[in-house]
Each structure stands twice: as C-alpha cells, then as structure tokens.
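Each chain, letter by letter, is given below.
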Amino acid sequence: MKHDFVAVLDFGAQYAMLIARRVRECNVYCEILPHNVSIEELKRRKVKGIIISGGPASVYDKGAPQADPRLWKSGIPILGICYGTQLMAKALGGQVKPERKKEYGRTELFIDDQTDLFAGFPKQIICWMSHGDSVVKLPKGFKVLAGTKNTPLAAIGNHDRQLYGVQFHPEVVHTERGTEIIKNFVYVVCGCRPTWTTKNFIQGSIKELKETIGKEKILCALSGGVDSSTVSVLVNKAVGKQLTCMFIDQGFMRKNEAKKIVEVFTRNFKINLIHVDASQRFFAKIKGVTDPEEKRHRIGNEFIRVFEEEAKKLGKMPFLAQGTLYPDVIESAVPGLTATTAVRIKTHHNVGGLPKDIKFKLVEPLKKLFKDEVRALGREIGVPDEIISRQPFPGPGLAIRIIGEVTPERVKILQTLDDIVVSEVKKAGLYKELWQSFAVLLPIRTVGVMGDKRTYLNTAAVRAVTSTDAMTADWAKLPYELLDKISNRIINETKEVNRVVYDISSKPPSTIEWE
Ligand code: XMP
C-alpha cells in the first residue's frame, strides 16, 4: 500500500523527531528529511505536506540553516513551527524581530480564525511557547489566525497558498489539543488518508520480507529485548522455519532470563532457536578486569567472536535480520542530528553491535519505526507483554552493574538483588512508569550487626530513574514504603548484603548505569 507522506524538515533534532512521532500518531506516514532537501526530491517522493521544525538558531544568525528557496512556491502545503514560521515569514517579505522579553512556557492563545488549522477549536486554548524571535509583520497575503498577550502574531496563515505558521509548539503535550492542530494540518489542509496503521504495516512488511528473502535462510541475533524479539517474530511470520535465531547467553543476564527467553520463543512461537551458552568464555575474558571501558570492550569483542563462530556452523545463511529503529537511522544519516555527545562517555555495545565487515545482507524491517510503534507492532503479532514492556537492559548486562571484578558468584548475588528490586517495583505498580529500576553491587563491604553478631558484608545500591529517551533522567522519588520493602527483603533474603543505599543522582551529571 502506498501511504500518503508528510515530511518534517529538520532544523533541530529533538523537535523534528517529536513532530514526526505526532504525525505518525495521526496514522499518516512521516519521515524526517534534511532541512535543505531539494524541491525535486520532495516532488519525487510525492510529499503531500511539509512541516518545518523549530530549531535553536535565529533566522538572523550568520549561517542560520535555510530551506530550498523554491519551497514556498512549490504548491505543497507547509506548516512552520517556531523557527519554521520565522523562516517562512522572512522569506515571503514579512518581518521577524528578537523579543525583548523571551516568551517561555504555558501561555493563553486567543484564536481568531477557526478554519483549517484551528477547525473545531474553541476561542481559547493553552499553548506552549519557547522562543526568542517572533514575526512582527505579516508577509503579503497572510492573516493572523491566533495570538497571545505578548505575541500577537502567534499563528499566521495564507489559506489560498496553504502556508501556515505557528510560533508555539503544537507537538509538545503542554499545548492543549496540540495533536489536533497537527491532525487538522495533515487531514484538512493536506488531505492525507490515515493509512499508516500497525495492521497495514504488518501486511506490507510481511509481503516485502517474503520477496526479499525468497527461499533463502536468514539469521537473527536475539537478545530478548523488545526490538530483536519483535523482528524475530515478524520475520518468522513471513518466512517461518527459514529463520534461525541465535541467542548468546554471556552469563550476565537477569535471574532465569535465559530460560524464559528460550521458553517464550520455542514454545510460543516455534522459532528455530540456537541457545549458545557462552558464559564460561565471557567470564574468562573479563576475569580480573575492573575498568568499565575495558569490560565493555572485551564483552563486545567476545560477542562478535562467538557470533561469527556459531554462524559459520549454520552453513549458507545470506541474510541477517536486525532490529534497527528509525531513530538509529536518522542519527547516522543526517549530519547535525546526532543526540550523542561528541565525547565518548561510554561505549554502548548492542547485541546488534556486529562486525562492520559482516558478510550478510542486512534485513531491517523496523528501520522506519519509532520505539512506541515497535511496541504496538510487537503486541499485535503476539510478543508477550513481559517482553514488550520490559525496561531497557544494557547489552553487557549485569557485568556493568557489578562494580569491580565480575565473578559468577557476584553475578548470582546481583541476580537476586535485581529480582527483588524489579518484583517489588512491579508489585507497587510502578514498573511501567519508570524508565529503569535495578540494583548495583558495590565493591565495598561495611560493618553491620545481625542478631547479636557483627557482620562485614557487601553494599547494594538501588537505582530507579524516570526518563523519556535516556539522554537525560531524573532519579525517581520512590515511595519510602517501597524503598523500605526492597531494603528489608535484600538484607533478609541474601546472606551477602548488609547495607542498601539509594542512588539520588540525575543524568546529567551522572549517567543511568554506573559503568
Ligand atoms: P547511560 O548509563 O549512558 O545509559 O545513562 C543510557 C541508556 O542506555 C542503556 N545502555 C546500554 N544499552 N548497550 C545497550 O544496548 C549498552 O552497552 C548500554 N549501556 C547503557 C542504559 O541502560 C540506559 O537505558
């Protein structure tokens, strides 16, 4: 099925990503394109509407990013947001000026024109403002659609040419009915059909997978996380037993996790699954290592080595399925759109982190999807909820939550601690609200007293954070009763720990994981 397509031109990473997600929530297909994409490319892709994102620049900055100057006359409907509006106004003969007082936060918006963008709206809503510049003179042919106390030209439009601009951010949740503004743009103004649905995606994707893979065999590295699990089940639906999944257990999984994964995939889905228990090799590789980066490197390299050795045993296997997501694709494709800091803080190794010179042809059926879309897809094709709603778990597993040397004994202790933390958080009904919640085993022993005996045992740290993208995170204000329960259980149920501390640092300046 051919989906109607709305493009978001990227003038600032986070903004563009959020807008694209909102458009997709309206069941309209949306992609982020570079800000200077040519008209020819937009026409070739049959774009039905363009949204120009906000961004950190001012239109008067030297070298401020520009759009193709022919964009405004292309006849394609355009919605500018913040910087996008200023860019449009300036290009079409309006005037933009720096505000003396920057407007930021929740603001009342008074709507004058209840057609098109604001069709079905009341006279007044709350919008979210965040800008330093604003349009002070309308371009020819434009009229004011809405204003705030400080920004009289907060929404402007030229109905005939289907050009619109809003100074506030309809994509953020703080703007009341913000999604409806986007809906009005894509449905009413651009005339898009809402065909981008999970069901349609599955149908299209299975058809495509069948065509690509044909009668050949395909391999998939399964970690038990949301992405690799969803890919495995989707590919399995398309080509059945032509798929082999490989699950490499490095010995740093959570309690009973390896067993659970094998069970879910072999029993529920009848997927060919090779379970490689490589724990001894991994333990040997990081014996005596205490440096976090060194640990990560050794685990990452060993993973690749095991994967290659095992794959060789399987004979001719031309394809490899990977759970690459849309944010990974844009981060590597669009310059300036990387959310990762220039300085390497931690080496992230994914189970998908396979060698660069890999001889497989890659099949990446999720590469157009955002994480929440992958979850919806996974649910639809029957991936169990315990996998779908699983909190993120790092590739190197518990090894980077054991500070200092990693030994089988210490992994076992941490598995118990982790199990207590996670099960209590679940019991308190907070698991899905938290980005992550886990235990860390510290290389510190402290003195305690149990019964009337002195003890000298390990210290455990509990970490729980809220976050939307892991780039920043707040330490979670867990209820005291829950912390109390966790601490009591840890001390009563493990013989190895006599002290529990709670991590109250946010990211930045800390990171979520301790190593
Ligand atoms: P940090 O500790 O950098 O972590 O704040 C950010 C998010 O990334 C996860 N993480 C990893 N995920 N492989 C992964 O797949 C890794 O090596 C890795 N290291 C950290 C971490 O759990 C958090 O969600």
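Residues numbered from 1 in each chain as written. Predicted model: local features only at pLDDT ≥ 70, side-chain atom pairs only at ≥ 80, totals over all residues. Heavy atoms only, no water.

**Points about the nonpolar core**
Thought 1: Counting 68 residues, the largest nonpolar core has Leu42, Ile50, Leu71, Ile218, Val235 and Phe265 as its most contacted members.
Thought 2: Both of domain 1 (5-189) and domain 2 (198-388) provide at least three residues apiece to this core.
Thought 3: Ignoring any residue separated from it by four or fewer positions in sequence, one finds Val235 in contact with Leu209, Ile213, Ile218, Gly240, Leu243, Ala321 and Pro365.
Thought 4: The next biggest cluster of nonpolar side chains, apart from the first, holds 47 residues, and it includes Met246, Ile413, Leu441 and Leu478. (Core = buried A, V, L, I, M, F, W, Y, C linked by side-chain atoms within 4.5 Å. Buried < 20%, exposed > 50% of the residue type's maximum accessible area, 1.4 Å probe, protein only. Domains from an automatic or database assignment. Contact = heavy atoms within 4.5 Å.)

**Description of the side chain of Asp418**
Thought 1: Within the secondary structure layout, Asp418 lies in helix α13 (residues 408-427).
Thought 2: Ignoring anything within four residues of it in the chain, the contact list for Asp418 reads Arg254, Arg401, Phe438 and Ala439. (Helix = DSSP H or I, 4+ residues; strand = E, 2+ residues; numbered from the N terminus.)

**Notes on the environment of Leu377**
Thought 1: By the element assignment, Leu377 lies in helix α11 (residues 371-380).
Thought 2: Residue Leu377 is classed as buried on the basis of its relative accessible area of 1%.
Thought 3: Each C-alpha atom, one on Leu377 and one on Ile504, is 35 Å from the other, the two residues being 127 residues apart in sequence.
Thought 4: Those residues within four positions of Leu377 in sequence are excluded, and the remaining contacts are Thr198, Phe201, Ile202, Thr230, Leu234, Leu366 and Leu369.

**Brief notes about the domain arrangement of the chain**
Thought 1: According to the domain assignment, the chain contains domain 1 (5-189), domain 2 (198-388) and domain 3 (407-502).
Thought 2: Taken together, the contacts link 10 residues of domain 1 with 10 residues of domain 2.
Thought 3: Between domain 1 and domain 2 we count two salt bridges in total.
Thought 4: Across the salt bridge formed by Glu373 and Arg24, the nearest N and O atoms sit 2.5 Å from each other.
Thought 5: Between the two partners, domain 1 and domain 2, sit four residue pairs in polar contact (both at pLDDT 80 or more). (Salt bridge = Lys/Arg side-chain N within 4 Å of Asp/Glu carboxyl O. Polar contact = N/O pair within 3.5 Å; in protein donor to acceptor, adjacent residues only side chain to side chain.)

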